[in-house]
Amino acid sequence: MAKKLLEMHSITKEFPGVKALDNVNITVNEGEIHAVVGENGAGKSTLMNVLSGVHPYGSYSGDIYFDGQLCRFHSIKDSERLGIVIIHQELALVPYLSIGENMFLGNERRRRRGVVDWNETYQKAEEYLKVVGLEENPRTLVKDISVGKQQLVEIAKALAKDVRLLILDEPTSSLNEGDSLKVLNLLLTLKRERGITSILISHKLNEVAYCADRITILRDGSTVETLDKHKDGVTEERIIRGMVGREMTERYPHRPHTIRSEVALEVQDWTVYHELYTERKVVDNVSFKLHKGEVAGIYGLMGSGRTELALSIFGRAYGSRISGTLIKDGQVLELNSVPEAINAGLTYVTEDRKDNGLILGNSIMHNITLPRMDFVAPKGRIDRDLERQTANHYREALDIKAPSVEQLVNNLSGGNQQKVLLAKWIYSKPDILILDEPTRGVDVGAKYEIYQIINDLAKQGKAILLISSELPEILGMCDRIYVMDSGRIIAEFPQSEATQEGIMNCIMQQSKGEIGA
Amino acid sequence: MSSLWTTLRNNLRQYMILLALLAIIIAFQLMTNGTLLKPMNVSNLIFQNAYVVILAVGMLMCILTGGNIDLSVGSVVALIGACAGTFIISWGWNSHLTILLCLLIGLAIGAWQGFWIAYARIPAFIVTLSGMLVFRGLTLIVLGGLTLAPFPSDFLAYSTGYIPDLFPGMSLFGLRNSTSLLIGVLLAIIYCISQMRGWIWRKKKAYEVESPWVLLLKMVIVSAAVIWLFYTLGAYRGVPKVLIIVGIILIAYSYFTTHTVMGRHLYALGGNEKAARLSGVKTTQLLFLAYVNMAFLASIAGIVFSARLNSASPQAGQSFELDAIAACFIGGASAYGGIGTVGGTLIGAMIMGVLNNGMSIMGISSNVQQVVKGLVLLGAVAFDVLGKQRMQLRFLPFFGRRAPKPQESVKLEG
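Small disclaimer: the values here were computed from a predicted structure and weren't measured. (Residues numbered from 1 in each chain as written. Chains lettered and ligands numbered in written order. Predicted model: local features only at pLDDT ≥ 70, side-chain atom pairs only at ≥ 80, totals over all residues. Heavy atoms only, no water.)

Before going further, it helps to examine the overall build of chain A. When its secondary structure is counted, chain A shows 19 helices and 20 strands. Computed over the C-alpha atoms, the radius of gyration of chain A is 25 Å, within 12% of the 24 Å expected from 2.2 N^0.38 for a compact globule of 517 residues. The dimensions of chain A, computed from C-alpha atoms along their principal axes, are 70 × 50 × 45 Å. Taking all 517 residues of chain A together, the buried fraction comes to 55%. In chain A, of all internal contacts separated by at least 6 residues, the share reaching a separation of at least 24 is 68%. A total of about 21,600 Å² of accessible surface is found on chain A, and carbon and sulfur atoms cover 45% of it. Side-chain charges of chain A comprise 63 positive and 72 negative groups, with the mean position of each set lying 4 Å from the other. (Helix = DSSP H or I, 4+ residues; strand = E, 2+ residues; numbered from the N terminus. Rg over C-alpha atoms; globule rule 2.2 N^0.38 Å. Buried < 20%, exposed > 50% of the residue type's maximum accessible area, 1.4 Å probe, protein only. Contact = heavy atoms within 4.5 Å. Areas by Shrake-Rupley, 256 points an atom, 1.4 Å probe, with all protein chains shown as cover. Lys, Arg positive; Asp, Glu negative; His and termini not counted. Charge placed at Lys NZ, Arg CZ, Asp CG, Glu CD.)

To summarise the sheet geometry, strands pair through backbone hydrogen bonds and adopt either a parallel or an antiparallel arrangement. Residue and element names in this part refer to chain A. Strand order in this open sheet of six strands is β16-β17-β18-β13-β19-β20, and the pairing throughout is mixed. Each edge of the open sheet is held by one strand with a lone partner, namely β16 (346–349) and β20 (488–494). Ignoring strand direction, the axes of neighbouring strands in this sheet form an average angle of 20°. Judged from the four bridges that link them, β16 and strand β17 (residues 432–436) form a sheet pairing that is parallel. (Pairing = 2+ DSSP bridges. Axes fitted to C-alpha atoms, helices over the stretch in contact; angles between N-to-C directions.)

Attention now goes to the side chain of Thr-12 of chain A. All names here are of chain A. Secondary-structure assignment places Thr-12 in strand β1 (residues 4–15). Given the relative accessible area of 17%, Thr-12 is considered buried. Polar contacts involving the side chain of Thr-12 include one to the main-chain amide nitrogen of Asn-23, which spans 3.0 Å. Setting aside residues up to four positions removed in sequence, Thr-12 forms contacts with Lys-19, Leu-21, Asp-22, Asn-23, Tyr-60 and Ser-61. (Polar contact = N/O pair within 3.5 Å; in protein donor to acceptor, adjacent residues only side chain to side chain.)

A few words on helix α3 (residues 39–64) of chain B. Residue and element names in this part refer to chain B. For α3, spanning 26 residues, the distance from its first C-alpha to its last is 36 Å, which sits close to the expected 38 Å at 1.5 Å a residue. The principal kink in α3, of about 45°, is found at Asn-49. Counting buried residues in α3 gives 22 out of 26 residues, a clear majority hidden from the surface. Just beyond α3, the residue with positive phi is Gly-66, at close to 145°. (Expected span 1.5 Å × (residues − 1). Bend = angle between axes of the 7 residues up to and from the residue.)

Membership of the largest hydrophobic core comes to 98 residues, with the highest contact counts inside it found for Ile-215, Ile-239 and Trp-270 of chain A. Residue contacts for Ile-239 of chain A: discarding those within four places in its chain leaves Val-37, Leu-205, Val-208, Ile-215, Ile-217, Leu-227 and Val-234 of chain A. Counting 90 residues, the second largest nonpolar core, distinct from the first, contains Ile-54, Leu-64, Leu-143 and Leu-250 of chain B. (Core = buried A, V, L, I, M, F, W, Y, C linked by side-chain atoms within 4.5 Å.)

All names here are of chain A. Counting buried residues along β17, five of its five residues qualify, which places the element largely inside the surrounding structure. Where β17 lies against strand β18 (residues 463–468), five bridges are found, and the strand directions are parallel. Looking across to β18, one finds that Ile-432 is bridged to Ala-463.

Next up on the list: unusual backbone geometry. Trans is the common state for peptide bonds, and a negative phi is the common state for residues other than glycine. In this chain, Ala-149 of chain B is followed by Pro-150 of chain B through a cis amide linkage whose omega measures -10°. Here the phi dihedral of Asn-23 of chain A falls at roughly 60°; this positive angle occurs in a residue that is not glycine. The topology assignment puts Asn-23 of chain A in strand β2 (residues 18–29). For Asp-67 of chain A, which is not a glycine, the phi torsion comes out positive at approximately 60°. In this fold, Asp-67 of chain A is placed in the loop between β4 (61–66) and β5 (69–71). Look at Asp-67 of chain A and you get partly exposed, because its relative accessible area is 29%.

A separate point is the packing of helix α11 (residues 261–271) of chain B against helix α13 (residues 283–309) of chain B. Residue and element names in this part refer to chain B. Interaxial distance between α11 and α13 falls to 10 Å at its minimum, and their mutual angle equals 105°. Classed by the angle they form, the pair α11 and α13 counts as roughly perpendicular. Between α11, through Met-262, His-265, Leu-266 and Leu-269, and α13, the contact on the second element is made entirely by Thr-283, Leu-286, Leu-287 and Leu-289. Class assignment of the residues belonging to the contact of α11 with α13 gives a composition of six nonpolar, two polar and no charged. (Parallel < 35°, antiparallel > 145°, perpendicular 65-115°, else oblique. Nonpolar A, V, L, I, M, F, W, Y, C, P; charged D, E, K, R; others polar.)

Structure representation (structure tokens):
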């Protein structure tokens, strides 16, 4: 029996209003690659943050044993001292420092106190680069190498810290097939030759099946099961069944039939290039339709181009070299700015309410009226009375829990903030609402209320495009579902034909062949 | 009650800073044996600080956009003074048209800086640092390093001197200028009427209102302060004309920030630029206009200042930008933008002005004065930031279980 390197016992972690982890248990053996899989929000990243000390001891309950020792990490430094290194999905390299400097950042090779030994730094860097199979001069700036190579630098950086347990959070999410394979093979090599244990978090189940020895499945913050490749005969279908198997009753309000025959919005051949790297296509020839009174869904994972698609439709708020046709109510629309889009009856409710949606330091009232100040300010002078009444109306209609509309948005819970965000856009009297992850970071009760709001809007004849990476939400709420991957719409399902397995398989098919193994 | 409490808490800092101003005034009144509030000195205070207030109001608009400051205003003041001096004194142009031309030059300067900041997206700090050097240099070139003086009286008439006594023989309460007192009483009456009307209106609409006694107390205090100010001015030579200019600017910008759509957009821009942009706020245009406006107000300050000196000097306006920036921050503006009021900025400028004036009366050397002003700026902002952290921490659910680490409290700020 293999030696246990890491044991996490009944880990529970709560955020205000949300139980992110509920009694999670996981055991990792020395010298294995252990995959952790689950849908968005299942608690994978939170679990790893608990393990690496990002969430310090005391902010969760449960015990962590590493190498047989009970551990109480107060910061990342504590866990790194034991050789636990986490590589986050967003790489943490400094672009304007060299590969070598990055590799020893915070861990500098020193000659005397405080003086960096550059010779040793670059010599060691070269050794580690050889280990990870990266042929680059360690003096090259990180910004000048590709993302795939940067990922290898991250791994080399971890090796330089005498890593015993390497945690990789979605290491291949921004890599192409060749680079992904390189990273996975490197993990296998490290395991074989240096006995390094890794935890691999990934959405790409084919990768998981390819290299993991054991797989732990998380669902809604709890462990479902741990599969052993050598015993259980792990297939992607088997993993999906573990991830998905959940009751869907009562979590979504009944969705009445409100679709009308008129098409509210039609998007034809929509293509968008990246805002900065203008030769990179982020939305590729997308066409779709939205009927009045319909809730249509776009299911896609992070990086599938769904947000870019929405933003580019919303008055070209994102992207470059945008081409394609927008037809609203039978008329071709030319939208060149956000105010134009708002005036034309479009809204985009952002997935990131804190950064892109709300002005946290302002009151509920000021946040709600912002998109259409002209409604409360005839002739440019703000009618404060009207503004207050309007804001109060929406506070009551959406049941925003706050003592008054003067309350700063900062002081509200996530669910109530999300309702303010919805109120703000409903107030702007749109015909078409694009909702991007409208229930992210919101507890179950508030989610249900938000779903009811969405149903009400559809009943009023508004056309709604619901973007989400939560499959149950998409299945529970949408009349029609588009599946998006790598900037393209790869499938369309009517509600009656859509199943979780079907949609998942559809995405898997798409990425088949990415790993040729 | 909750609404009143929320309003009170949101404005807590304003009351604190007002109390601080009062404390400083009383302290200097005692330390200078009553010289600070003598009629002549009150009049002086207004003349000395008028241009700082004008600049600070413009600076506030820039700071609101996101903590952007304008370092060039001192140089713009000097350049406008130099232009006015050259056009009028050297070339003998018409004073009134020159003033108009100077304001246009100010707008052009603002458009130049605004273009680089808003459209080319070069940090405001760098653009205005460049402007500080460029416009100071241009001042020296225009003036050839010399000081031009004196200005003709029609140029001075706009901003120097006093509103003449309309009833010379009257001598109310033995005042030299009775008109001043009448103006003060009139303003107090207008204030009280508008307060009462607002109160009755809110009551009728069933909004939260303060008790009538609080309203009465507020009206008595404000009216007494206003009447006292104009009484004191009347005891000297009357209402300085520049007070009218400053008053109009204060009222106009106060209205702009609180009652207009564009003013609201300015706060939104500073509060969260990305969210504002996605809510249809024309962020780039707004940033541009903030700097155009700043240079426009700087050119008004330039005219006022050169008239007060009665000369165009190449050294004019040095370090004015710092006084204006300090006034905004002492007055409660956030260094990250989105927070700040015209009223607070006025109080901030008055604190700086009283400190300057009081210490000068006491004969404290200007070297020490700078140290004191610097510490007051830091103290005011530190009080603000630390106070806010403590208040937020108290409301955190996990507070009390363990002391949060410093870096966590910083995160809460954002």
